[in-house]
Number of protein chains: 4
Amino acid sequence: MKKIRMGMIGGGIGAFIGDAHRRASRICNDFELVGGVFDADYEKSRLFAEKEGISSDRCYKSVDALIKAESALPKEKRMEVISIVTPNALHYPFAKSILSAGFNVVCEKPMTITVDEAIELEKLVKKNKLTFALTHTYTGYPMVRQMRELIGKGALGTIQRIDAQYYQGWINSIIHGTGSRITGVWRLDPKHAGASSCMGDIGVHAFNLIEYTTGLEVKEVLSDLSNVKEDIKLDLDGTVLLRFGKKLKGVIRASQVCGGEENNLTIAVYGSKASIKWSQENPNFLYLLSDTEPTRIYKPAHGYNEPLAENSHTMPSGHPEGIYEALANIYKGTGKSIRGEKFDSGEFPTVHDGVRGMKFIHSVVESNKEGNIWVKV
Amino acid sequence: MKKIRMGMIGGGIGAFIGDAHRRASRICNDFELVGGVFDADYEKSRLFAEKEGISSDRCYKSVDALIKAESALPKEKRMEVISIVTPNALHYPFAKSILSAGFNVVCEKPMTITVDEAIELEKLVKKNKLTFALTHTYTGYPMVRQMRELIGKGALGTIQRIDAQYYQGWINSIIHGTGSRITGVWRLDPKHAGASSCMGDIGVHAFNLIEYTTGLEVKEVLSDLSNVKEDIKLDLDGTVLLRFGKKLKGVIRASQVCGGEENNLTIAVYGSKASIKWSQENPNFLYLLSDTEPTRIYKPAHGYNEPLAENSHTMPSGHPEGIYEALANIYKGTGKSIRGEKFDSGEFPTVHDGVRGMKFIHSVVESNKEGNIWVKV
Amino acid sequence: MKKIRMGMIGGGIGAFIGDAHRRASRICNDFELVGGVFDADYEKSRLFAEKEGISSDRCYKSVDALIKAESALPKEKRMEVISIVTPNALHYPFAKSILSAGFNVVCEKPMTITVDEAIELEKLVKKNKLTFALTHTYTGYPMVRQMRELIGKGALGTIQRIDAQYYQGWINSIIHGTGSRITGVWRLDPKHAGASSCMGDIGVHAFNLIEYTTGLEVKEVLSDLSNVKEDIKLDLDGTVLLRFGKKLKGVIRASQVCGGEENNLTIAVYGSKASIKWSQENPNFLYLLSDTEPTRIYKPAHGYNEPLAENSHTMPSGHPEGIYEALANIYKGTGKSIRGEKFDSGEFPTVHDGVRGMKFIHSVVESNKEGNIWVKV
Amino acid sequence: MKKIRMGMIGGGIGAFIGDAHRRASRICNDFELVGGVFDADYEKSRLFAEKEGISSDRCYKSVDALIKAESALPKEKRMEVISIVTPNALHYPFAKSILSAGFNVVCEKPMTITVDEAIELEKLVKKNKLTFALTHTYTGYPMVRQMRELIGKGALGTIQRIDAQYYQGWINSIIHGTGSRITGVWRLDPKHAGASSCMGDIGVHAFNLIEYTTGLEVKEVLSDLSNVKEDIKLDLDGTVLLRFGKKLKGVIRASQVCGGEENNLTIAVYGSKASIKWSQENPNFLYLLSDTEPTRIYKPAHGYNEPLAENSHTMPSGHPEGIYEALANIYKGTGKSIRGEKFDSGEFPTVHDGVRGMKFIHSVVESNKEGNIWVKV
């Protein structure tokens, strides 16, 4: 099958997340990187293109230049999708230009800085009938998808409690370091990171995982955030009480100051009949608990899984796939959408998930600012 | 060594918790059960005494009768401590009588129904210079004690977040059952259980574990509780935001409706240098996390443990001890106090822990009732 | 119910295993320690009796004296069972005398030093119609019993492979220590330990666990043992190939020189339909694997367990019991047998298991000595 | 950097292992697939090439044709390495031709059918000074490499025992199925699989992992293999006793009939000072055990790891990578060798490892056939 021609904004030499996107696109094998604006500094961008074997005439000086030139190409040569892997604050302006010009988009999260920007992008995607994939990578894991399917089939009975956690510890070494302390850590600078550090960077993943696996919407939040040290301007830690509907409650706990925690994202959904738990650092194990049966451990590559999960794993059982493959699964789904093939709504997060995420972040920040009160999402 | 003469109030035939106390007292081997009021029904009490080989003339018809008769015995025959293992609402009146008469007490939790009752007991204990042990059993586990000691030595640096969880699922089968639904479940009846089901029965254990291991006091709480079904009068589920001091925040999550969860009590204390995590269902494993070193797993019966932990385990390493041994450790510490031997403050929870627990329960219930506001503990 | 009057040989002050037996007997609450010969040194024995509150006139100077005096007592006062917890080499002579005099016996393992001795004891037990319990403690764990029952019901299909492991590391500190090296370590001295250290002390537990859980008999063994260091006279490490019948094979791996291993006894039985795995250091988790279903985790205190397992746990689910409770379960079963109550053959290991164990140890030693050849068990 | 031009023999449509190799080569991003003989059926091969976007004039009808045409190309267009991913029996003839023509090779395991063939390939590689990588994929995991480095630095003291396991269960569904039973399962056919099924396919991985991580050579083996069912011609299960030198012994256990086991490869190396354990199904956790310190868990992406391990992981800590990344690490190392860059000997298994593997398989089969005797490797 012909590969989808992909462009990239950001992700030049030394950029971690751009590299991850390229690996994922190569793993799923449905994409070919044909050009982009890999660095704000054109010279660096050009060097990167050379290193990657990308034709220098498709290494552009700006997003505008890219749009202009690619739009002028015949349809069968033109980029079909553009991945945006820049710092947060640039997602919105670039996505807006690119969508307006009729290109499909893969975008890193958080999608925008403000809710209004997110809503604007959603409208643009709808209007121009484009594919927009937001890379909430964790939704690409087979067992997260199995969780979504089991819940969708009613395996839990009535959902009675939802509890998600995202604990990291890496910011400790920065905030407790000596000397250059915050230097270079753009995540701690509101100008580049937006309204929130912890909730905006990781809390929103927990939020997305809840809505992705349960199909439910968080209606209200009450948060208590902490900046941990006086001179830090954004939240590094917090707990968010959740309300879903009449009776269902839940909680999101997120922190960047849990010393020694690496990337400890977990989700548990508790029901009247059974409950289900997943943990990102052991992603190939999914636990189904019941009061009347032994706990069951679901693993990938088994006939007992639902198709959405089974189609997200290529190795035989017991051969662990990891986070690159999760991201590749999202790219694969995105590719199906771009090609007009049939796909499951669970195959990639959309611009709507981006809107939800921005609403979550802003309502959490507002709740905390207003004295830990309930705020509608 | 001469065994301590122990009496018991409650705990007759079929009573689970009384049996646990007796086992624990036999394991540590410092106590001899010599009499008591084992059942409100004297005939049943007598049958139990007979079955246990307890002299019938020390099987009393009432607590008052017990106090009168035992007080009249010569000191070297008189009961030295009385364990109270009745339903919650009876803890206070019995403890008050017994303490007033000058007997030491072991008491099940929750210690009382109201905060005032708890404070009254605390005053009595001080005034009469008695030993009062509250059986927060989980503090008897060797690795919980090792956690306390490691934190006490400053192994974590500045504590930055505290997160405790107590999830069970057993109430599901009652609230979703058919027919006799709430019948006999006194925990769902405010008259017998007090102001709270979930927080009063298990949330308070998580609270105690936090204060026990960190030596810190929770200053304020903000809670969101749920009764899950319309006709349930007490909370079965909830989240409590915690504030300790200027910057330190935390959370307690507790539920009795997490289908399939058995007795999933966990505690994690996160610091600037390291963090520490423990889980009740694997009680012999304690995890110390650090950003710069491999995670360490502490286990009992090793020279690397602190004395309080090492003295709480009798088997060689790799021979798992369990919850009965944890309770036995509390009995052992209580025995030391009764005998006037030297003991560590970590060896048994006291009447003061009971006061703290009652304050926690009531402030949590108030916060929820008043619309999820901050309430001082 | 009247407690069973128990005597004890060995187990005086400082003796670990005697203490474990007494704790276990107190936990199950069916026994009362009334006398014994607690130490070869009468004065020490007497001190122990005093400390334990045991009447000095039943603290005997020798096993013969005990037998004589107790036999002279009226039946309703006489000891009903005698626990032998001496060093290995004394098990046989004491058990022989005691059984000959018509007393029931609980005996530590290994039961004897030679196979002939074991067979002699078995004949004595049969002839005198006595209860003889061999404390292969691990058979007392609820999940080991559940394993036995599941296999007995055919849950695995045809058994195709059996693999048991018993790894410890404690001998490293002795054999690699400086100075007093082997001093006092009677396990390394053939005179006291018998023909084997590693296989005799721990390999035999793995062997017993295999025969206990599967109901199968090991027919032949081929072993390769190691003394690790030149001057050590007994095996400290070894692997034993097993043959059960025509097609079924297995392996036992045991070692006392696996640095850092504590008491890592595991057993796995693999079948055509499903497989089952258990590990002693997490004794309350039993894993059932299948090619077509998610792995199941069995835990104690659930309606889905078989009665033999359920009756071996007293706490509610999620409240971990440990090795003392396992030993208490064996005592409880022994008590049933002594009282003439109905009991399941899985409730305690018998003198026949002792014969099997001695045959295993000796055939393993022979196989190794003869150059790693097949030897009939 | 210019990508290495890679050819492939085998791995056409529907071939699992060829797909894995291509993914791995794309992940590490050092290779470009430029042509090959993807299927014995040219038409299928051509279709595959078309699907992959490979120029049809480099889709060859035979290995000979490929060698001839590629050799005729100018050096800067010619394939630099050829991956052989055909069924086992074809590895040798193709590798021989390709190496003789001066091309570097990546080859799936087992490298050949006989030991002589393996030795011949080794000589060819040496003579022609070529790079030959054997894809023992598990050596590509970061924590396996960390294990190798820790052992190499002497972290364990004297090695005293080595225990490796490789348990799978997938063959159960074939041998116990009804009807077409062995149809199409070439692994059970000596003509295609060689002398062994279980040991040849998976036992050899365990063997390789032992020699890779310890740097030691297995000197002698004694095996007991089983075909499980009468009509199966090859071993499906077995245990292999190992001897390394004067005192060191070990064991390999492998089976394809452990129902429910997926890909349970484990290795444990026990030393006088410490021990180390790794399990393939949780590949990012490495356990270091010691008698005097808490067990340590090593994970990737930490400064405490050795360079060989750290350079084998690209994501931040806590972001699990999997088996594709392990294979990509081997490709990356192979690429370094082809380009003449500096590389560590641990970066990819070589033709010598292939010789060792063939010697292992054949000595194991011989030992079993000769009645479970010691055979030199």
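Note on numbering: residues in each chain are counted from 1, in written sequence order. Working convention: letters from A go to chains and numbers from 1 go to ligands, in the order in which they are written. This being a predicted model, a pLDDT of at least 70 is required before a residue's local features are given, and a value of 80 or more before pairs of side-chain atoms are given or counted; all residues contribute to the totals for chains, interfaces and linings.

**Observations regarding the overall build of chain A**
Quick reminder of the rule: Every helix listed is a DSSP run of H or I at least four residues long, and every strand listed is a run of E at least two residues long, numbered separately from the N terminus. Here the radius of gyration uses the C-alpha set of atoms, whereas the globule reference equals 2.2 Å times the residue count to the power 0.38. Exposure is read from a count of other C-beta atoms within 10 Å of each residue's own; the residue is exposed at 12 or fewer, buried at 20 or more and partly exposed in between. C-beta atoms are placed from the backbone. Note that contacts rest on C-beta atoms placed from the backbone: two residues are in contact if these are within 7 Å.
Per the secondary structure count, chain A includes 12 helices and 14 strands. On C-alpha atoms alone, chain A measures out to a radius of gyration of 21 Å, which is about the 21 Å that the 2.2 N^0.38 rule sets for 377 residues. Projected onto its principal axes, the C-alpha positions of chain A cover 65 × 55 × 40 Å. Every one of the 377 residues in chain A was classed for burial, and the buried ones make up 61%. Restricting to contacts in chain A with at least 6 residues of sequence separation, those with at least 24 account for 69%.

**Looking at the interface of chain A and chain D**
Put simply, the test is: Note on residue classes: Ala, Val, Leu, Ile, Met, Phe, Trp, Tyr, Cys and Pro are nonpolar, Asp, Glu, Lys and Arg are charged, and everything else, Gly too, is polar.
Every contact between the two is made by 25 residues of chain A and, on the other side, 25 residues of chain D. Across the side of chain A that touches chain D, the residue classes tally to 7 nonpolar, 9 polar and 9 charged.

**Observations concerning the interface of chain B and chain A**
Counting residues at the interface gives 35 residues for chain B and 35 residues for chain A. Of all the elements in the fold, those that place two or more residues in the side of chain B that touches chain A are β6 (159-167), α7 (172-175), β7 (220-226), β8 (237-243), β9 (249-255), β10 (264-271), β11 (274-279) and β12 (286-290) of chain B. Considering every element that reaches the side of chain B that touches chain A, the biggest residue donor is β9 of chain B, with 4 residues. Looking at side-chain class alone, the side of chain B that touches chain A contains 9 nonpolar, 16 polar and 10 charged residues.

**Concerning the sheet that holds strand β4 (residues 104-107) of chain B**
Residues and elements named next belong to chain B. Applicable threshold: If DSSP finds at least two bridges between two strands, the strands pair. Axis angles are defined between N-to-C directions and span 0 to 180 degrees, where every axis is a line fitted to C-alpha atoms and, for a helix, only to the segment in contact.
With respect to topology, 5 strands assemble into an open sheet ordered β2-β1-β3-β4-β5, the strand pairing being parallel. The sheet terminates laterally at β2 (31-37) and β5 (132-134), the two strands that pair on one side only. Taking each pair of neighbouring strands and ignoring which way they run, the sheet shows an average axis angle of 20°. In this structure, strand β1 (residues 4-9) lies alongside β2, joined through 6 bridges in parallel fashion. Residue pairing for β2: methionine 6 is matched across the bridge by leucine 33.

**Here we look at the relation of the copies chain A and chain D**
Rule in force here: Fitting of the copies onto one another was done by least squares over C-alpha atoms, counting residues only where both copies have pLDDT of at least 70.
It takes a turn of 180° to lay chain A on chain D, together with a shift of 0.0 Å along the axis; the resulting RMSD is 0.0 Å. These values place the two chain copies in the arrangement generated by a two-fold rotation axis. In terms of C-alpha distance to the rotation axis, chain A has glycine 322 of chain A as its closest residue, with the C-alpha 2.3 Å off the axis. Comparing interface residues between copies, 100% of those in chain A also sit at the interface in chain D, which points to an isologous, same-surface contact.

**Describing the relation of the copies chain B and chain A**
Screw-axis analysis of chain B against chain A gives a translation of 0.0 Å along the axis, an RMSD of 0.0 Å, and a rotation angle of 180°. The share of interface residues of chain B whose copies in chain A are also at the interface is 100%, consistent with both copies meeting through the same surface.

**A look at helix α11 (residues 323-339) of chain D**
All names here are of chain D. Condition: The length a helix should cover is 1.5 Å for every residue beyond the first.
Taking 1.5 Å of rise per residue, the 17 residues of α11 would be expected to cover 24 Å, and the 24 Å separating its terminal C-alpha atoms lies within 8% of that figure. Along α11, 14 of the 17 residues are buried, which leaves the element largely enclosed by surrounding structure. Two residues or fewer after α11 comes glycine 340, characterised by a positive phi angle close to 80°.

**Some details on the sheet that holds strand β2 (residues 31-37) of chain D**
Residue and element names in this part refer to chain D. Ordered in space as β2-β1-β3-β4-β5, the 5 strands form an open sheet in which the pairing is parallel. On the outer flanks of this sheet lie β2 and β5 (132-134), each paired with one strand and no other. Along the sheet, successive strands turn relative to each other by an average axial angle of 20°, direction set aside.

**Things to note about the domain arrangement of chain A**
Frequently, the measure chosen for interface size is the accessible area that the parts lose on association. All names here are of chain A. To keep it simple, the criterion reads: What fixes the domain bounds is an automatic or database domain assignment.
In terms of domain boundaries, chain A breaks down into domain 1 (4-138) and domain 2 (141-304 + 351-376). For domain 1 versus domain 2, the separation of C-alpha centres amounts to 27 Å. On the side of domain 2, 23 residues touch domain 1, which itself brings 19 residues to the contact. Secondary structure elements with two or more residues in the side of domain 1 that touches domain 2: α5 (115-128) and β5 (132-134). Ranked by residues supplied to the side of domain 1 that touches domain 2, first place goes to α5 with 6 residues. Among the residues forming the side of domain 1 that touches domain 2, the class breakdown is 13 nonpolar, 4 polar and 2 charged.

**Here's the deal with the environment of lysine 273 of chain C**
In this fold, lysine 273 of chain C is placed in the loop between β10 (264-271) and β11 (274-279). Remark: the alpha-carbon pair of lysine 273 of chain C and glycine 157 of chain C, spanning 116 residues in sequence, is separated by 4.9 Å. Discounting residues that sit within four places of it in the chain, lysine 273 of chain C has contacts with Leu156, Gly157 and Ser290 of chain C together with Gly259 of chain D.

**Some thoughts on the packing of helix α6 (residues 142-152) of chain D against helix α9 (residues 198-214) of chain D**
All names here are of chain D. In plain terms, the rule: Our angle categories are set so that under 35 degrees counts as roughly parallel, over 145 as roughly antiparallel, 65 to 115 as roughly perpendicular, and the remainder as oblique.
Contact geometry for α6 and α9: axes closest at 7 Å, N-to-C directions at 45°. One element, α6, and the other, α9, form an angle in the oblique class. Contact residues: Val144, Met147, Arg148 and Ile151 in α6; Leu209, Tyr212, Thr213 and Thr214 in α9. Across the contact of α6 with α9, the residue classes tally to 5 nonpolar, 2 polar and 1 charged.

**Comments concerning the environment of valine 85 of chain A**
Residue and element names in this part refer to chain A. Following the sequence through the fold, valine 85 ends up in the loop between β3 (81-84) and α4 (91-100). The sequence separation of valine 85 and glycine 18 amounts to 67 residues, and the corresponding C-alpha distance is 5.7 Å. Residues contacting valine 85, with those up to four places away along its chain left out, are Met8, Ile9, Gly10, Gly11, Ala15, Ile17, Gly18, His21 and Glu108.

**Quick notes on the packing of helix α4 (residues 91-100) of chain B against helix α5 (residues 115-128) of chain B**
All names here are of chain B. Applied cut-off: Two helices that cross are described as forming a left-handed crossing if the nearer one is turned anticlockwise from the farther one by less than a right angle, and a right-handed crossing if clockwise.
Relative orientation of the contacting elements α4 and α5 amounts to 15°, with a least axis distance of 10 Å. Here α4 is positioned roughly parallel relative to α5, judged by the angle of their axes. Considering only the axes of α4 and α5, their crossing is left-handed. Residue-level contacts link Tyr92, Ala95, Lys96, Leu99 and Ser100 of α4 to Glu117, Glu120, Leu121, Leu124, Val125 and Asn128 of α5. For the contact of α4 with α5, a count of residues per class yields 6 nonpolar, 2 polar and 3 charged.

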